[in-house]
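Coordinates in review
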Amino acid sequence: MSSQKITTNNGILNVPDKPIIPFIEGDGIGPDIWKAANKVLDAAVEKAYDGKKAIEWKEVLAGQKAYDKTGEWLPQETLDTINEYLLAIKGPLTTPIGGGIRSLNVALRQELDLFTCLRPVRYFEGVPSPLKRPEETDMVIFRENTEDIYAGIEFQEGTDEAKKVIDFLQDEMGAKNIRFPETSGIGIKPVSKEGTERLVRSAINYAIENNRPSVTLVHKGNIMKFTEGAFKAWGYALAEREFGDKVFTWNAYDKIVEEEGREAADKAQSEAEAEGKIIIKDAIADIFLQQILLRPKDFGVVATMNLNGDYISDALAAQVGGIGIAPGANINYETGHAIFEATHGTAPKYAGLDKVNPSSVILSGVLMLEHIGWQEAADLVTKAVEKTIASKVVTYDFARLMDGAKEVKCSEFADELVKNM
Ligand SMILES: NC(=O)C1=CN([C@@H]2O[C@H](COP(=O)(O)OP(=O)(O)OC[C@H]3O[C@@H](n4cnc5c(N)ncnc54)[C@H](OP(=O)(O)O)[C@@H]3O)[C@@H](O)[C@H]2O)C=CC1
Ligand SMILES: O=C(O)CCC(=O)C(=O)O
Ligand SMILES: [Mg+2]
């Protein structure tokens, strides 16, 4: 079996039996969790296909390891390789706070135009959770991944650049509400119609393909009208224009309320639900954070901008047991390019201790196996995670909250998963 590249034809992947898939080990806990994931994913593929399929892993460098070896944090060769091989899986990469290099994670998403950050959130039976009914949290986050205040367009307080932008805003744009212009840093928040539309389109397509009853557009459009408010308006317009009678929007609901009253609007929505139409609704970001805790059953697919999606990801992860079990994928649904990675970061205090939960990156690997159509291998891993957690053999993060659990190391948890396949 010779190893080959995965290729694409109009976004449809052509996957050989032995695809070459690049990986980035990552900083901090990265080496520990990647080693565990590598073992589990290889075992699942071997078992599912009896040795007739296998992944050939190809290391590419980023972060501290890249800097130590090449003097660059994100070598061009890494970007070129992922671009060429279409997919990659990565451990977390460190971003210093308040100075130093900008996020390599964000750079990878921007450089490869991986416009969706997909983060499914589901409960595994037996995981300790702060909720009474954690199984009701079952959502898929579609986070815009290339724009927003997260794009990193910022000017530091006290610099000529910050002064120039502030002078421009005050003198030429009539801005009167910069409270302390002499000592302000400035951040810019670009949110585009194209960026919004491709994200919302992907979210609705996902909802249709996966029988999810609703897509909620989460925004702070009451305050940031022309960025977050526009996201909501463009999202509704796209849903109505491109998905027609497959969806029923709260925009349409509001129009019926105006013309015929609330009872007629409620009736129209109930009929749409009965016909299996996807309800496209919206929520303002602050109240949304309350609603996901108090009535999580109301939400299926969540489409939102970059910063909101970052906060929502960690909040929802906590509802189902924490960031140790929160997978993700950065995907361009138009080209098929994708990088799979955990939601969490490098957890530096645990680096090299062989201690943390590898489930997030392992389940990111499950998303990768599903992305290439290797569902049998993906299912083996998911079932092994279910079985292992149910048997109360867990890493420290779950063990500290579970009665009667056996705490194991990161590597031992991976061994247990392999045993339970
Ligand atoms: N995509 C990426 O590569 C990301 C990178 N980062 C970067 O990571 C660095 C550290 O960020 P920080 O804010 O501390 O967040 P982290 O997600 O790295 O860690 C915060 C805490 O979350 C818990 N945690 C994280 N991963 C695991 C795991 N696998 N198993 C169990 N528990 C886990 C630990 O909790 P406890 O202390 O309770 O045990 C840990 O102390 C920063 O440089 C940040 O920029 C952050 C997010 C994403
Ligand atoms: O890039 C980083 O350091 C943080 C990114 C992050 O928190 C995320 O994407 O969820
Ligand atoms: Mg985050």
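Residues numbered from 1 in each chain as written. Chains lettered and ligands numbered in written order. Predicted model: local features only at pLDDT ≥ 70, side-chain atom pairs only at ≥ 80, totals over all residues. Heavy atoms only, no water.

1. Some thoughts on the UniProt feature "domain: Isopropylmalate dehydrogenase-like" (unreviewed entry) in the protein
To be explicit about the condition: UniProt positions are given in the numbering used here, feature names are shortened, and annotations may be inferred rather than shown by experiment. Strands are runs of DSSP state E lasting at least 2 residues, helices are runs of H or I lasting at least 4, and numbering of each runs from the N terminus.
Per the UniProt record, "domain: Isopropylmalate dehydrogenase-like" (unreviewed entry) is found at residues 20-417. Taken as a whole, residues 20-417 contains 46% helix and 15% strand, while its terminal C-alpha atoms sit 24 Å from one another.

2. Brief notes about the environment of Glu 77
Where we set the bar: Each residue is placed in one exposure class: buried if its accessible area under a 1.4 Å probe, protein chains only, is under 20% of its type's maximum, exposed if it is over 50%, and partly exposed if it falls in between.
With respect to the helices and strands, Glu 77 occurs in helix α3 (residues 76-85). Classification of Glu 77 as exposed rests on a relative accessible area of 60%. Considering only alpha carbons, one finds Glu 77 and Asp 245, 168 residues apart in sequence, at a separation of 46 Å.

3. So, the site of ligand 1
Convention followed: For this description, a residue counts as near a given molecule or strand if any of its non-hydrogen atoms is within 4 Å of it. Polar contacts, as used here, are pairs of N or O atoms within 3.5 Å; protein pairs need one atom able to donate a hydrogen and one able to accept it. Residues neighboring in sequence count only if both atoms are side-chain atoms. For the accessible areas, the method is Shrake-Rupley and the probe is 1.4 Å, while residue cover comes only from the protein chains on display. Under the grouping applied here, Gly and all other residues not named as nonpolar or charged are polar, the nonpolar ones being Ala, Val, Leu, Ile, Met, Phe, Trp, Tyr, Cys and Pro and the charged ones Asp, Glu, Lys and Arg.
Neighbouring ligand 1 are 24 residues; Gly 345, Ala 347, Lys 349, Tyr 350 and Tyr 396 lie closest to it. Note that an oxygen atom of ligand 1 is positioned 2.9 Å from one of the side-chain N or O atoms of Asn 105. In this structure, His 344 approaches ligand 1 through a side-chain N or O atom, which is 3.2 Å from a nitrogen atom. Protein contacts shield 71% of the accessible area of ligand 1, which totals 880 Å² for the unbound molecule. Listed by contribution, the elements that provide at least two residues to the shell around ligand 1 are α4 (104-111) and α14 (396-399). Looking at side-chain class alone, the shell around ligand 1 contains nine nonpolar, nine polar and six charged residues.

4. Re the packing of aromatic side chains
Given two aromatic rings, one states the distance between the centres and the angle between the planes to describe the pair. We apply this condition: Here a pair means two rings of Phe, Tyr or Trp (six-membered ring of Trp) with centres within 6.5 Å. Their orientation is stacked below 30 degrees between planes, edge-to-face above 60, and tilted elsewhere.
Applying the stated criterion across every chain yields a total of eight aromatic pairs. Taken together, a centroid distance of 5.6 Å and an interplanar angle of 65 degrees make the contact between Tyr 49 and Trp 374 edge-to-face. Pair noted here: Tyr 49 is in helix α1 (residues 30-49) and Trp 374 is in the loop between α12 (359-371) and α13 (375-390), with a separation of 325 residues, a long-range link. Using a relative accessible area of 11% as the deciding quantity, one classes Tyr 49 as buried. Between the aromatic rings of Phe 142 and Tyr 333, the centroid separation amounts to 6.1 Å while the plane-to-plane angle is 20 degrees, which identifies the pairing as stacked. With Phe 142 in strand β7 (residues 139-144) and Tyr 333 in the loop between β14 (329-331) and β15 (338-341), this residue pair connects regions lying 191 residues apart in the sequence.

5. Concerning the nonpolar core
Basically, it comes down to this: Residues belong to one nonpolar core when they are buried, are Ala, Val, Leu, Ile, Met, Phe, Trp, Tyr or Cys, and are joined through side-chain atoms within 4.5 Å. Residues are treated as being in contact if the distance between any of their heavy atoms lies within 4.5 Å.
Counting 94 residues, the largest nonpolar core has Trp 57, Phe 142, Ile 204, Val 215, Ile 280, Leu 369 and Val 381 as the members making the most contacts within it. Per-element accounting of this core gives the leading share, ten residues, to α1. Dropping the residues within four chain positions of it, Ile 204 is found in contact with Val 215, Leu 238, Ala 239, Phe 243, Val 247 and Ile 280. Ranked by size, the runner-up nonpolar core spans 14 residues in total, among them Val 60, Ala 107, Leu 108 and Leu 114.

6. Re the pattern of salt bridges
Note the following rule: For this analysis, a salt bridge means a side-chain nitrogen from Lys or Arg found within 4 Å of a carboxyl oxygen belonging to Asp or Glu.
Inspection of the entire model under this criterion finds 24 salt bridges. Of the charged contacts, one joins Glu 56 and Lys 18 as a salt bridge, the two residues approaching to 3.8 Å between their closest N and O atoms. Residue Glu 56 is found in strand β4 (residues 56-59), and its partner Lys 18 is found in the loop between β2 (12-14) and β3 (20-24); the two are separated by 38 residues along the sequence. For the salt bridge of Lys 419 with Glu 416, the shortest nitrogen-to-oxygen distance reads 3.2 Å. With Lys 419 and Glu 416 both in helix α15 (residues 410-419), this residue pair falls three residues apart, about one helical turn. Note on Glu 416: relative accessible area 18%, which makes it buried. Three or more residues are tied together by salt bridges with common partners; here these are Glu 25, Glu 59 and Lys 65.

7. Things to note about the site of ligand 2
Neighbouring residues of ligand 2: Thr 95, Ser 103, Asn 105, Arg 109, Arg 119, Arg 143, Tyr 150, Asp 310 and Thr 343. Here an oxygen atom of ligand 2 sits 2.6 Å away from a polar atom, N or O, in the side chain of Ser 103. One of the side-chain N or O atoms of Asp 310 is found 2.9 Å from an oxygen atom in ligand 2. Across the shell around ligand 2, the residue classes tally to one nonpolar, four polar and four charged.

8. Focus on the sheet that holds β3
Worth spelling out the cut-off: Whether two strands pair comes down to DSSP finding at least two bridges between them. To get an axis, a line is fitted to the C-alpha atoms, and for a helix only the part in contact is used. The angle between two axes follows their N-to-C directions and goes from 0 to 180 degrees.
Pairing is mixed across the open sheet formed by eleven strands, whose spatial order is β4-β3-β5-β15-β14-β6-β7-β13-β10-β12-β11. Every other strand in the sheet has two partners, leaving β4 and β11 (247-249) as the edge strands with one partner each. In this sheet, adjacent strand axes meet at a mean angle of 25 degrees when their direction is disregarded. One ladder, built from three bridges, connects β14 with β15; its direction is antiparallel. Residue pairing across strands places Ile 331 opposite Ala 338, the latter belonging to β15. Strands in contact with helix α7 (residues 225-243) are β10 (214-219), β11, β12 (278-284) and β13 (301-304); relative to β10, the strand with the most contacts, it is inclined by about 155 degrees.

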